[in-house]
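Next come the chains, spelled out residue by residue.
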Protein chains: 2
Amino acid sequence: MFENLPGFRSFYPEECSQRNYIFRLWRQSAIRFAFQEYDAPVLEALELFKEKSGEEITEQLFWFTDKGGREVALRPEMTPSLARLVGAKAASLKRPVKWFSIGEQYRYERMQKGRLRAFYQFNVDIFGEPGCGADAELIAQCIETLRGFSLTANDVVVRLSDRELWLLFLRCYALEGDAVTPVLSIIDKMEREDPAKSIEKLTVHLGERAEHFFARTQEMSKLQDLDSIRRVLFRECEEQSAADDVRNAIEERLQTWILLLKTLDSLGASPWIRIDLGVVRGLAYYTGFVFEVFERTGKGRAIAGGGRYDHLVSKMGYNDMPACGYAMGDVTLALLLEEKKLIPPLLHKPDVYLVISGDKARNLMLGLASALRRVGIIVDYAIKEVGFGKQFKNATQSNARIVGIMTDEGASHKVLNVKDLSTGIEITVPFADSVACIQDALREGITQPEL
Amino acid sequence: MFENLPGFRSFYPEECSQRNYIFRLWRQSAIRFAFQEYDAPVLEALELFKEKSGEEITEQLFWFTDKGGREVALRPEMTPSLARLVGAKAASLKRPVKWFSIGEQYRYERMQKGRLRAFYQFNVDIFGEPGCGADAELIAQCIETLRGFSLTANDVVVRLSDRELWLLFLRCYALEGDAVTPVLSIIDKMEREDPAKSIEKLTVHLGERAEHFFARTQEMSKLQDLDSIRRVLFRECEEQSAADDVRNAIEERLQTWILLLKTLDSLGASPWIRIDLGVVRGLAYYTGFVFEVFERTGKGRAIAGGGRYDHLVSKMGYNDMPACGYAMGDVTLALLLEEKKLIPPLLHKPDVYLVISGDKARNLMLGLASALRRVGIIVDYAIKEVGFGKQFKNATQSNARIVGIMTDEGASHKVLNVKDLSTGIEITVPFADSVACIQDALREGITQPEL
């Protein structure tokens with residue numbers, strides 16, 4: 001007997017309808033925000049992913065050498081492919097480029113709750129616009145997507161942070177250049193790591209200042225308003241005798257924060273957002289505002305995450321292009337929706353089930369099935385000729401709304417019986433009018449005929 | 001610079017919208033016929049595909065050993081995964097099982113026109129019903145799908161054939177058991193192969209009768225009506241002194257043909273169908289009626305193909321379950337639709353573009369953007385603050401239907417200007433009514449206000 005590979009899923013109709021529900025609302029939200037859909041191959045040159053993320057990435061990739069001797073990999077994320085698509089046509093694309101995709105990603109990882117080896121991601125990105133208006137539009141789109149699933153600001157929170165402020169904090173400690181990425185990565189992991197371990201790692205970069213630095217990052221991570229952020233950063237400037245331009249840069253950045261928050265407020269996003277510098281985002285390529293969406297109480301894995309990444313396109317070998325984007329995964333989202341009981345019944349049911357007895361009736365009824373299906377009505381009937389009782393049982397089990405009934409006698413009189421299964425009301429109509437009658441019945445129900 | 005791997009595609013928004021159009025109509029057609037959607041992993045155990053198709057299949061697979069030492073392969077087709085899904089839950093699934101899927105398949109093949117290494121397939125299958133009513137429902141569904149793309153019976157033809165009739169033909173020549181599959185495979189290839197080569201291969205199984213047999217298969221392949229088929233097969237029975245039960249079996253099978261054609265006629269499918277024994281279908285597992293859809297003049301590769309495969313589920317190790325199904329590929333279909341100019345303009349355009357001047361106006365207008373998007377309207381605006389002229393140019397280029405305009409002066413009077421870009425008519429409305437006014441304008445256009 002065969003089974004799914006570990007971390008891969010099959011989708012029986014029930015599960016598939018749930019997956020498609022998520023896809024449908026993702027797509028709908030992106031389209032309303034005037035994003036255009038794209039897609040890229042699930043299999044790409046291994047080099048593409050190494051170029052973006054370094055050699056280590058191969059450890060978590062499904063990669064192999066194909067029959068043509070090419071090193072290829074199943075994509076672990078969308079961004080490298082996206083960057084190459086945008087980079088290759090940058091000159092002809094109208095800016096800002098607002099794009100989204102819905103696609104499966106593959107990572108050879110240790111599985112845990114909410115983490116599989118194959119999962120779907122909704123990727124939403126804006127290219128070509130450096131201003132924080134793009135960040136605001138992106139975050140608002142993320143929030144409206146969650147709202148589309150009937151989630152509220154009581155259910156989830158957008159933790160909004162800023163790599164630039166963190167860079168300025170590091171500059172107070174004269175951490176610049178090559179030291180920045182490893183130190184940010186240590187800060188990113190602090191939430192989940194033993195403090196002694198973090199301090200040990202910081203010592204490499206900060207010597208005996210490591211313990212003090214650690215305490216201050218802890219303080220930074222808890223800040224949730226701009227005034228406190230200003231106060232803490234200016235104190236750092238003073239204590240560490242930072243240059244004046246650091247102080248100026250902090251003030252300037254806080255002005256951008258004010259503009260971003262105002263724009264988000266205009267877009268109706270404020271109740272969903274929490275300033276939270278505890279979010280750093282592990283990936284090296286983020287450059288500005290970053291955010292992660294979590295269940296409000298903080299439990300579980302992130303539902304979505306993203307931010308600004310202004311230099312990735314040029315890193316991939318194309319012309320420089322500002323960018324911001326986020327990804328939302330289907331697995332954590334589905335877990336949350338299940339927990340909140342926000343998944344509606346989704347399986348398609350027949351609008352009409354046709355109950356047929358006799359050859360003449362069968363001939364007419366199959367024609368009716370075709371006619372109804374052509375006007376968009378979902379029709380089922382018993383493929384095999386079985387008794388009336390069995391057919392009615394099928395009709396009921398299928399949860400059809402309307403049953404159309406015909407015997408050979410009905411066929412010779414050219415009439416059809418139409419029954420509303422919810423009320424039990426049944427009427428007889430001329431077969432010639434049956435499509436229109438069934439359309440009416442589906443729209444308005446069947447009313448008891450006057451006697 | 002990075003490119004797609006050979007035979008793989010990226011989908012820029014234009015191409016993606018075309019792909020999604022095909023997906024949408026596939027899904028819509030299947031749902032109307034009361035089929036349920038399923039999906040299976042793109043990566044499966046290599047053994048699954050070997051079990052179905054034999055060791056040779058590995059030659060055209062993307063397969064490799066994963067980090068856990070498992071031999072795995074990208075699926076080359078849906079049927080093995082489908083058989084395992086249905087087989088595993090056979091006891092609890094309500095029959096007939098009517099299922100469809102839309103998914104990508106991967107084959108390491110030599111590329112040609114209409115054949116890539118990654119392509120999408122629409123798979124439609126019925127399990128649990130041995131009678132020809134299922135074949136009819138399946139073929140009708142295929143035809144209605146094509147009709148959904150505005151193709152007509154003048155554009156395409158369903159070539160309907162029958163492996164059972166071919167088996168009876170072989171029985172006339174006492175070809176049974178192990179000889180059947182290779183001989184059918186030779187017949188399948190005749191359309192595209194040098195006759196001398198075919199005869200040489202037949203000699204292995206038929207000795208000096210090979211040349212005569214070849215001539216007769218050629219005759220069979222050209223038959224297009226039941227009377228001729230009966231005549232030719234009965235002549236074969238006589239000439240080859242076949243047993244009486246062969247003759248009876250032929251007569252019985254022709255009765256099933258009559259029933260199938262009658263059912264297809266009731267379903268409105270007749271104009272699309274041509275009896276054509278030239279179709280044999282290469283795959284060993286087909287057992288009954290088989291069909292392929294071609295462009296009417298016969299050029300190009302098959303657009304769809306399928307048939308009955310009653311023993312595959314048991315071959316995969318599960319309980320026996322009758323089945324029939326077909327697959328339609330996106331590549332050949334798209335080529336045909338392009339040629340017939342049947343692809344409508346598909347990119348989503350904004351319903352409304354908001355033109356904004358000033359901070360106060362911006363605050364109100366971003367709120368309006370959110371309100372409109374929440375009621376399902378596609379809204380775009382300039383993320384960056386730019387001049388009025390530039391914003392109108394953007395609005396026009398985006399092909400928006402309606403433009404909403406506000407300056408700070410409008411904001412202080414709480415009014416919005418609404419302009420229909422197709423007529424140039426512009427009206428001023430209270431900002432408080434703007435959502436309703438824009439909904440009306442999108443539904444009915446804007447009429448010139450009375451002066």
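Here, every reference points to the structure presented above.
First, a word on scope: everything that follows refers to the structure included in this document. (Residues numbered from 1 in each chain as written. Chains lettered and ligands numbered in written order. Predicted model: local features only at pLDDT ≥ 70, side-chain atom pairs only at ≥ 80, totals over all residues. Heavy atoms only, no water.)

Description of the overall build of chain A
Counting secondary structure elements, chain A contains 16 helices and 16 strands. Dimensions of chain A along its principal axes, counting C-alpha atoms only, are 100 × 55 × 45 Å. Expressed as a percentage of its 451 residues, the buried residues of chain A come to 57%. In chain A, once contacts between residues fewer than 6 apart in sequence are set aside, the share between residues at least 24 apart is 68%. Counting every atom, chain A has about 18600 Å² of accessible surface; 50% of that belongs to carbon and sulfur. In chain A, 58 side chains carry a positive charge and 64 a negative one; their mean positions are 4 Å apart. (Helix = DSSP H or I, 4+ residues; strand = E, 2+ residues; numbered from the N terminus. Buried < 20%, exposed > 50% of the residue type's maximum accessible area, 1.4 Å probe, protein only. Contact = heavy atoms within 4.5 Å. Areas by Shrake-Rupley, 256 points an atom, 1.4 Å probe, with all protein chains shown as cover. Lys, Arg positive; Asp, Glu negative; His and termini not counted. Charge placed at Lys NZ, Arg CZ, Asp CG, Glu CD.)

Re unusual backbone geometry
Residues and elements named next belong to chain A. Cis rather than trans, the peptide bond between Arg95 and Pro96 has omega equal to -5 degrees. Looking at where Pro96 falls in the secondary structure, it is placed in the loop between α3 (79-88) and β5 (97-106). Of note in the backbone geometry, Ala34 takes a positive phi value of approximately 65 degrees without being a glycine.

Overview of the interface of chain A and chain B
Each partner contributes residues to the interface: chain A has 93 residues there, and chain B has 93 residues. Buried area between chain A and chain B, both sides added, is near 8000 Å², and the carbon and sulfur share of it is 59%. The largest share of the area that chain A buries against chain B comes from Phe2, Tyr12 and Ile383 of chain A, three residues that together contribute 11% of it. Across the chain A-chain B interface, the total number found is 12 salt bridges. A salt bridge links Arg373 of chain A to Glu137 of chain B; the shortest N-O distance between them is 2.8 Å. At the surface where chain A touches chain B, the tally comes to 44 residue pairs in polar contact (both at pLDDT 80 or more). Taken together, the residues of the side of chain A that touches chain B break down into 44 nonpolar, 19 polar and 30 charged. (Buried area = accessible area lost by both parts, 1.4 Å probe. Salt bridge = Lys/Arg side-chain N within 4 Å of Asp/Glu carboxyl O. Polar contact = N/O pair within 3.5 Å; in protein donor to acceptor, adjacent residues only side chain to side chain. Nonpolar A, V, L, I, M, F, W, Y, C, P; charged D, E, K, R; others polar.)

Remarks on the sheet that holds strand β7 (residues 156-162) of chain A
All names here are of chain A. Read across the open sheet, the eight strands follow the order β1-β5-β6-β11-β10-β9-β7-β8; overall the sheet is mixed. This sheet does not close on itself; its edge strands, each paired only once, are β1 (36-37) and β8 (273-275). Two elements, β1 and β5, share two bridges in a ladder whose sense is parallel. Each residue of the ladder has a partner; that of Glu37, found in β5, is Phe100. (Pairing = 2+ DSSP bridges.)

Some remarks on the pattern of salt bridges
Enumeration according to the criterion identifies 84 salt bridges over all chains in this entry. We note a salt bridge from Arg115 of chain A to Glu109 of chain A, for which the minimum N-O separation is 3.7 Å. Pair check on accessibility: Arg115 of chain A and Glu109 of chain A agree, each one buried. The salt bridge partner of Asp359 of chain A is Lys262 of chain B, with a shortest N-O separation of 4.0 Å. Linking Asp359 of chain A in helix α13 (residues 359-374) with Lys262 of chain B in helix α10 (residues 244-266), this pair reaches from one chain into another. The network of salt bridges with shared partners includes Arg19 of chain A together with Arg27, Glu37, Asp39 and Arg75 of chain B.

A closer look at the packing of aromatic side chains
Residues and elements named next belong to chain A. Considering all chains together, one arrives at 45 aromatic pairs over all chains under this definition. With 5.8 Å between their ring centres and 80 degrees between their planes, Tyr21 and Phe149 make a pair best called edge-to-face. Taken together, the positions of Tyr21 in helix α1 (residues 13-32) and Phe149 in the loop between α4 (132-148) and β7 put the pair 128 residues apart, joining distant regions of the chain. The same class applies to Tyr21 and to Phe149, which are both buried. Through pairs of rings, three or more aromatic residues link up here, namely Phe11, Phe23, Trp26, Phe100, Tyr120, Phe122, Phe291 and Tyr326. Against the face of Phe234 rests Arg247, its NZ or CZ located 4.8 Å from the ring centre. (Phe/Tyr/Trp six-rings, centres within 6.5 Å; stacked < 30°, edge-to-face > 60°. Lys NZ or Arg CZ within 6 Å of the ring centre and 35° of its normal.)

Digging into the side chain of Thr263 of chain B
Relative to the elements of secondary structure, Thr263 of chain B occurs in helix α10. Classification of Thr263 of chain B by relative accessible area gives buried; the value is 11%. A distance of 2.8 Å separates a polar atom in the side chain of Thr263 of chain B from the backbone oxygen of Leu259 of chain B. The residues touching Thr263 of chain B, leaving out its near neighbours within four places in the chain, are Leu366 of chain A together with Ala136 of chain B.

Some points on the relation of the copies chain A and chain B
Least-squares fitting of chain A to chain B yields an RMSD of 0.1 Å, with the transformation described by 0.0 Å of translation along the axis and a rotation of 180 degrees. In short, the pair behaves as if placed about a two-fold rotation axis. No C-alpha of chain A approaches the rotation axis more nearly than that of Phe64 of chain A, which lies at 3.1 Å. Most of the interface of chain A is mirrored in chain B, where 100% of its interface residues again form contacts. (Least-squares fit on C-alpha atoms with pLDDT ≥ 70 in both.)

With respect to the sheet that holds strand β15 (residues 415-420) of chain B
All names here are of chain B. Spatial strand order, β13-β12-β14-β15-β16: five strands in an open sheet with mixed pairing. If you trace the sheet from one side to the other, it starts and ends with β13 (379-381) and β16 (426-430), each paired once. Averaged over all neighbouring strand pairs, the angle between strand axes comes to 25 degrees, with direction disregarded. Strand direction decides the pairing type here: strand β12 (residues 352-357) and strand β14 (residues 402-407), joined by six bridges, are parallel. Bridging across to β14, Val352 finds its partner in Ile402. (Axes fitted to C-alpha atoms, helices over the stretch in contact; angles between N-to-C directions.)

Here we look at the state of the cysteines
Residues and elements named next belong to chain B. What the rule picks out here adds up to zero disulfides over all chains. In this structure Cys142 is a free cysteine whose sulfur lies 12 Å from that of Cys324, the closest cysteine sulfur available. For the unlinked cysteine Cys172, the closest cysteine sulfur is that of Cys237, found at 3.8 Å. (Disulfide = S-S within 2.5 Å.)

Observations concerning helix α1 (residues 13-32) of chain B
Note that an α-helix has 3.6 residues per turn; residues three or four places apart therefore point the same way. Residues and elements named next belong to chain B. Over its 20 residues, α1 runs 28 Å from end to end, which matches the ideal 28 Å to within 8%, given 1.5 Å per residue. Counting buried positions along α1 yields 14 of 20 residues, so the element is predominantly enclosed. Downstream of α1 by one or two residues, Ala34 has phi in the positive range, about 65 degrees. (Expected span 1.5 Å × (residues − 1).)

A look at the packing of helix α5 (residues 163-172) of chain A against helix α8 (residues 210-221) of chain A
Residues and elements named next belong to chain A. At their nearest, the axes of α5 and α8 sit 12 Å apart, and the two run at 155 degrees to each other. Taken together, the axis directions place α5 and α8 in an arrangement best described as roughly antiparallel. For the element pair α5 and α8, the recorded crossing hand is right-handed. Contacts between α5 and α8 involve Leu165, Trp166, Phe169 and Leu170 from the former and Phe213, Arg216, Thr217, Met220 and Ser221 from the latter. In terms of residue class, the contact of α5 with α8 is made up of six nonpolar, two polar and one charged. (Parallel < 35°, antiparallel > 145°, perpendicular 65-115°, else oblique. Left-handed = near helix turned anticlockwise from the far one by under 90°.)

Overview of the pairing of strand β4 (residues 71-74) of chain B
All names here are of chain B. For strand β2 (residues 43-45) and β4, the ladder comprises three bridges, and the chain directions are antiparallel. Along β4, the bridge assignment pairs Ala45 with Val72. As paired elements, strand β3 (residues 63-65) and β4 share three bridges and run antiparallel to each other. From the neighbouring strand, Phe64 faces β4, where its bridge partner is Val72.

Overview of helix α10 (residues 244-266) of chain A
Residues and elements named next belong to chain A. With 23 residues, α10 extends 34 Å from end C-alpha to end C-alpha; this agrees with the ideal 33 Å at 1.5 Å per step. Regarding α10, the residues found buried are Val246, Ile250, Arg253, Leu254, Trp257, Leu260, Thr263, Leu264 and Ser266. A positive phi of about 80 degrees marks Gly268, the residue just after α10.

Section: the environment of Val293 of chain A
Residue and element names in this part refer to chain A. Looking at the secondary structure, you find Val293 in strand β9 (residues 289-295). Overall, Val293 belongs to the buried group, its relative accessible area being 0%. On a C-alpha basis, the gap between Val293 and Pro344 in space is 23 Å, while along the polypeptide they are 51 residues apart. The residues contacting Val293, other than those within four sequence positions of it, are Cys142, Leu146, Val156, Val157, Val158, Ala302, Ile303 and Ala304.

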